[in-house]
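# A look at the structure
So you can see what is in the structure, the chains are spelled out below.
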Amino acid sequence: MMVSIIHRITGDGMALVGTLLLVWWLAALAAGPASYESFTWLFGSWAHGALGYVVGVGLTFSLFQHIAGGIRHFVMDTGAGYELKGNRMVAWLTLCVSTMATILFWAYLLGGK
């Protein structure tokens with residue numbers, strides 16, 4: 001049950017935070033170089049970019065968790081996975097997979113190719 005709730009929260013979070021961030025980025029881009037520079041300073045520099053990394057990692061985890069939860073729901077829609085033990089195992093698996101995918105994705109981005 002908790003994974004289903006997390007699935008809904010991550011979908012709403014991506015829609016809300018992702019949309020607001022995209023609109024802010026586009027508005028800064030349209031407003032000119034000074035506005036865009038302040039946006040990239042806040043979200044992109046190492047010294048002040050901690051906010052950007054927190055938001056980026058959060059959105060990435062939300063994406064991977066939402067995908068894993070969606071696949072879980074899809075499998076359950078076929079009629080499989082309703083046994084309590086299997087359902088609980090797959091629920092934990094979605095959390096583990098999304099966490100590992102987030103770590104690997106950011107390790108790739110920050111560590112290079």
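### A closer look at the overall build of the protein
Secondary structure summary: the protein contains 4 helices and 0 strands in total. Starting at the N terminus and ending at the C terminus, the protein contains elements arranged as α-α-α-α. Against the compact-globule benchmark of 13 Å for 113 residues, the protein has a radius of gyration of 18 Å, which places it well outside the compact range. Each principal axis of the C-alpha atoms in the protein carries an extent, and together these give about 55 × 30 × 20 Å. Considering the protein as a whole, with its 113 residues, one finds that 22% of them fall into the buried category. Put simply, the protein shows about 7800 Å² of open surface, and 77% of that area lies on carbon and sulfur atoms. Computing the positive centroid from 5 side-chain charges and the negative centroid from 4, the protein places the two 11 Å apart.

### Let's talk about the environment of Met1
Within the secondary structure layout, Met1 lies in the segment before α1 (2-31). With 58 residues separating them along the chain, Met1 and Leu59 place their C-alpha atoms 22 Å apart.

### What about the packing of α1 against helix α3 (residues 50-77)?
To characterise two packed helices, one gives the angle between the axes of the helices and the distance between these axes. Put simply, α1 and α3 touch, their axes get as near as 8 Å, and they point 135 degrees apart. Taken together, the axis directions place α1 and α3 in an arrangement best described as oblique. For the pair α1 and α3, the sense of crossing is left-handed. Between α1, through Val3, Ser4, Ile6, His7, Thr10, Gly11, Gly13, Met14, Val17, Gly18 and Leu21, and α3, the contact on the second element is made entirely by Val55, Leu59, Ser62, Leu63, Gln65, His66, Gly69, Gly70, Arg72 and His73. Split by residue class, the contact of α1 with α3 holds 8 nonpolar, 12 polar and 1 charged.

Rules and cut-offs
- Residues numbered from 1 in each chain as written.
- Predicted model: local features only at pLDDT ≥ 70, side-chain atom pairs only at ≥ 80, totals over all residues.
- Heavy atoms only, no water.
- Helix = DSSP H or I, 4+ residues; strand = E, 2+ residues; numbered from the N terminus.
- Rg over C-alpha atoms; globule rule 2.2 N^0.38 Å.
- Buried < 20%, exposed > 50% of the residue type's maximum accessible area, 1.4 Å probe, protein only.
- Areas by Shrake-Rupley, 256 points an atom, 1.4 Å probe, with all protein chains shown as cover.
- Lys, Arg positive; Asp, Glu negative; His and termini not counted.
- Charge placed at Lys NZ, Arg CZ, Asp CG, Glu CD.
- Axes fitted to C-alpha atoms, helices over the stretch in contact; angles between N-to-C directions.
- Parallel < 35°, antiparallel > 145°, perpendicular 65-115°, else oblique.
- Left-handed = near helix turned anticlockwise from the far one by under 90°.
- Contact = heavy atoms within 4.5 Å.
- Nonpolar A, V, L, I, M, F, W, Y, C, P; charged D, E, K, R; others polar.

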